[in-house]
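Each chain is listed here by its residues.
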Amino acid sequence: MEQTIQALTIAGHDSDGSAGMPADLHAFFADQVYGHGILTAAVAGNSHGIYASQVMPAEFIAKQFEVLAADFQIRAAKTGMLANDEVINVVADSYDEAKFGPLVVDPVIITKHGAMLLEQSAYELFRERIIPLATVLTPNFFEAQKLTGKELATPSEIEAAAEELQALGAKNVVIKGQHVAGQTTPVKDFVRLADQTTFWLTQPYVPTDRVNGTGDSFSAIIAAELAKGATVAAAIQRANKLVHAAIANGLTVGHQYGPINHWAAMTE
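Draft legend 1. Examining the overall build of the protein more closely. When helices and strands are tallied, the protein shows nine helices and nine strands. For 268 residues, the compact-globule estimate of 2.2 N^0.38 gives 18 Å, and the protein sits close to it at 17 Å. If you line up the protein on its principal axes, its C-alpha atoms span 50 × 40 × 40 Å. Partitioning the contacts of the protein with sequence separation of at least 6, the portion at a separation of at least 24 is 67%. As displayed, the protein offers around 12000 Å² of accessible surface, 54% of which is attributable to carbon and sulfur atoms. Measuring between centres, the 17 positive side-chain charges of the protein sit 5 Å from its 29 negative side-chain charges.

Spelled out as structure tokens, the structure:
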């Protein structure tokens, strides 16, 4: 019997449901793909902030890979938060063995506001072990700056940065546009494909604080589309469209920063 299309997220769990694994699973569902999850960490948080966190033991992460690979036909996957050296190593080792198809790497290194999320040692290991596994690498603006060591002040510098990220081993690269409160200019994502094709994707800036899970959902939809057999270019373009719809139709959940609306993405 033909299996339902399935994808995988390898990520942390946010207790408020707005980001991390919950956002990935929402995105898979919105794009009509069944989602599995390998839990790397968990945080206790709400719309005001994060108050506690717990990293999963490496043996537990490895066992999740083992049991999913033994039973399910996973066609593509994505990574989210990989909290430390131990998690990065077990994910890299296990992914090589599991054969889960193309991997979308969302480098959860720096927040969209510029705050560093990984220790320096883990960041270096991430560059060495995870980026070369990436079928698609999806850094935000600050992550692209960190990974290249460049300021990225102009479009030409962003274009050059994507080429540098390919040199680290990623086959295809999307550098997501900067979001600055009060901006009036459109948000522009730059795409560089494995065959050296390049293009920009442009969406209007939406003035909202309902943007939690944006990067997670973007990379998850790319993975879902790759699981369906879409080309990388088509997967990126669809993710860009669906995430914009989800941002433009925010949800009223919590009292401060909130989630994007995956139900809106389902209607696109």
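Draft legend 2. Looking closely at the packing of helix H3 (residues 85–98) against helix H4 (residues 120–129). Direction vectors running N to C along H3 and H4 enclose 10°, while the axes themselves pass 9 Å from each other. Relative to H4, the element H3 lies roughly parallel. Crossing handedness for the pair H3 and H4: right-handed. Between H3 and H4, the residues in contact are Asp85, Ile88, Asn89, Ala92 and Asp93 and Ser121, Ala122, Leu125, Phe126 and Arg129, respectively. Tallied by class, the residues present in the contact of H3 with H4 amount to five nonpolar, two polar and three charged.

Draft legend 3. Representation of the nonpolar core within the structure. Of all hydrophobic cores here, the largest spans 44 residues; its most connected members are Phe65, Val91 and Phe126. The greatest single-element share of this core, amounting to seven residues, is contributed by H3. Not counting residues within four places of it along the chain, the set of residues in contact with Phe65 comprises Ile10, Ile38, Val91, Ser94, Tyr95, Ala98 and Phe100. Listed in part, the 33 residues of the second largest apolar core include Ala220, Ile222, Val232 and Ala246.

Draft legend 4. Examining the layout of surface pockets more closely. There is about 320 Å³ of room inside the second largest pocket. Ile158, Gln178, Pro186, Lys188 and Trp200 are the residues nearest the centre of the second largest pocket, which is lined by 16 residues in total. Within the residue set of the lining of the second largest pocket, elements represented by two or more residues are helix H6 (155–167) and strand E8 (187–192).

Draft legend 5. Just a nonpolar patch on the surface, in detail. On the surface, Phe29, Trp263 and Met266 cluster together to form a nonpolar patch covering roughly 400 Å² of accessible area. With respect to the secondary-structure elements, Phe29 resides in helix H1 (residues 20–30).

Draft legend 6. Summary view of the pairing of E8. Burial of E8 is extensive: five of the six residues sit out of reach of the surface. In the sheet, strand E7 (residues 172–175) pairs with E8 via three bridges, with the strands oriented antiparallel. Residue Val173 lies in a different strand from E8, and its bridge partner there is Arg192. Relative to strand E9 (residues 198–203), E8 runs antiparallel, the two sharing six bridges. Looking across to E9, one finds that Asp189 is bridged to Leu201. Following E8, the chain reverses through five residues before pairing antiparallel with E9; Gln196 in that reversal takes a positive phi of roughly 75°.

Draft legend 7. Up close: the sheet that holds strand E5 (residues 103–105). Strands sit in the order E3-E2-E1-E4-E5-E6-E7-E8-E9 across an open sheet of nine strands; the sheet is mixed. Edge positions in the sheet fall to strand E3 (49–55) and E9, since each of these pairs with one other strand and no more. Across two bridges, E5 lies against strand E6 (residues 136–137) in parallel orientation. Opposite Val105, over in E6, you have Leu137 as the bridge partner. Running at roughly 150° to strand E1 (residues 6–14), H1 makes contact with E1, strand E2 (34–46) and strand E4 (74–79) of the sheet. Against the sheet, H6 engages E6, E7, E8 and E9, with an angle of about 145° to E7.

Draft legend 8. The arrangement of unusual backbone geometry in detail. A positive phi angle is found at Gln32, which is not glycine, with a value near 60°. Following the sequence through the fold, Gln32 ends up in the loop between H1 and E2. On the accessibility criterion, Gln32 (70% relative accessible area) is exposed. Positive phi values are uncommon outside glycine, yet Lys99 reaches one of about 60°.

Draft legend 9. How the structure looks around helix H8 (residues 232–248). The end-to-end C-alpha distance of H8, which contains 17 residues, comes to 24 Å, matching closely the 24 Å that a straight helix rising 1.5 Å per residue would cover. Among the 17 residues that make up H8, 12 are buried, leaving the element largely enclosed by the rest of the structure. For H8, the complete set of buried residues consists of Val232, Ala233, Ala235, Ile236, Ala239, Asn240, Leu242, Val243, His244, Ala245, Ala246 and Ile247. For H8, the secondary structure elements touched by its buried residues are E6, E7, E8, E9, helix H7 (214–228) and helix H9 (262–266).

Calculation notes
Residues numbered from 1 in each chain as written. Predicted model: local features only at pLDDT ≥ 70, side-chain atom pairs only at ≥ 80, totals over all residues. Heavy atoms only, no water. Helix = DSSP H or I, 4+ residues; strand = E, 2+ residues; numbered from the N terminus. Rg over C-alpha atoms; globule rule 2.2 N^0.38 Å. Contact = heavy atoms within 4.5 Å. Areas by Shrake-Rupley, 256 points an atom, 1.4 Å probe, with all protein chains shown as cover. Lys, Arg positive; Asp, Glu negative; His and termini not counted. Charge placed at Lys NZ, Arg CZ, Asp CG, Glu CD. Axes fitted to C-alpha atoms, helices over the stretch in contact; angles between N-to-C directions. Parallel < 35°, antiparallel > 145°, perpendicular 65-115°, else oblique. Left-handed = near helix turned anticlockwise from the far one by under 90°. Nonpolar A, V, L, I, M, F, W, Y, C, P; charged D, E, K, R; others polar. Core = buried A, V, L, I, M, F, W, Y, C linked by side-chain atoms within 4.5 Å. Buried < 20%, exposed > 50% of the residue type's maximum accessible area, 1.4 Å probe, protein only. 1 Å grid on protein atoms, 1.4 Å probe; cavity = no way out; pocket = protein on both sides within 12 Å on 5 of 7 lines; lining within 4 Å. Points joined across faces, edges and corners; volume = space filled by probe spheres on them. Patch = residues over 30% accessible without salt bridge, like charges linked within 9 Å, V, L, I, M, F, W, Y side chains within 5 Å. Salt bridge = Lys/Arg side-chain N within 4 Å of Asp/Glu carboxyl O. Pairing = 2+ DSSP bridges. Expected span 1.5 Å × (residues − 1).

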